[in-house]
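Here is how the chains run, residue by residue.
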Amino acid sequence: MAANKIITVFGATGAQGGAVAQIFLQDPKLQSEWTVRAVTRDTTKESAKKLASQGAEVISANLNDKSTLVQRSNQLHQLHILCLCR
């Protein structure tokens, strides 16, 4: 059996990123085909721990550090990131 595809969700402990992660974690068909890589600044937060308990791969990244963004985006098939431009 082929490995699951990976969706990397930046801001997964926030409202919008969290909603995207939950869709993939709660839908049985999506859950069987996709692995959620939840990216957050703080993996020790309760919301991050909850995502991990639901099956997400929770990792940290610094949005101001290009090397961590590239590293955290490795082998993904889909990417969700919301940018607020000011």
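This one's a predicted model, so the numbers in the text were calculated from it and none came from an experiment.

Just give me the short version of helix α1 (residues 15–26), but keep the residues and values in it.
Think of an α-helix as 3.6 residues a turn; residues three or four steps apart then line up on the same face. Helix length check: α1 (12 residues) gives 16 Å between terminal C-alpha atoms against 16 Å at 1.5 Å per residue, within 8%. Regarding α1, the residues found buried are Gly-17, Gly-18, Val-20, Ala-21, Gln-22, Phe-24 and Leu-25.

Describe the pairing of strand β3 (residues 57–60), with residues and values.
With 4 bridges joining them, strand β2 (residues 34–40) and β3 adopt parallel strand pairing. When the bridges of β3 are listed, Ala-38 appears paired with Val-58. Viewed along the sheet, the connection from β2 through helix α3 (residues 46–53) into β3 turns out right-handed.

I'd love a proper account of the nonpolar core, names of residues and values included.
Judged by nonpolar contacts, Ile-7, Val-9, Ala-12, Val-20, Ala-21, Phe-24, Leu-25, Trp-34, Val-36, Ala-38, Leu-51 and Ala-56 together constitute the single largest core of 12 residues. Those elements that provide at least two residues to this core are β1 (5–10), α1 and β2. A total of 4 residues in this core trace back to one element, the largest contributor, which is α1.

So, the packing of aromatic side chains: which residues are in play, and what are the values?
Summed over all chains, the structure comprises 1 aromatic pair. Measuring from centroid to centroid gives 5.6 Å for Phe-24 and Trp-34, while their planes differ by 75 degrees, and the two rings are edge-to-face. Here Phe-24, found in helix α1, pairs with Trp-34, found in strand β2; they are 10 residues apart in sequence, far enough to count as distant.

Criteria and thresholds
Residues numbered from 1 in each chain as written. Predicted model: local features only at pLDDT ≥ 70, side-chain atom pairs only at ≥ 80, totals over all residues. Heavy atoms only, no water. Helix = DSSP H or I, 4+ residues; strand = E, 2+ residues; numbered from the N terminus. Expected span 1.5 Å × (residues − 1). Buried < 20%, exposed > 50% of the residue type's maximum accessible area, 1.4 Å probe, protein only. Pairing = 2+ DSSP bridges. Right-handed = clockwise from strand over helix to strand, strands pointing away. Core = buried A, V, L, I, M, F, W, Y, C linked by side-chain atoms within 4.5 Å. Phe/Tyr/Trp six-rings, centres within 6.5 Å; stacked < 30°, edge-to-face > 60°.

Nothing here speaks to function; it is all geometry.
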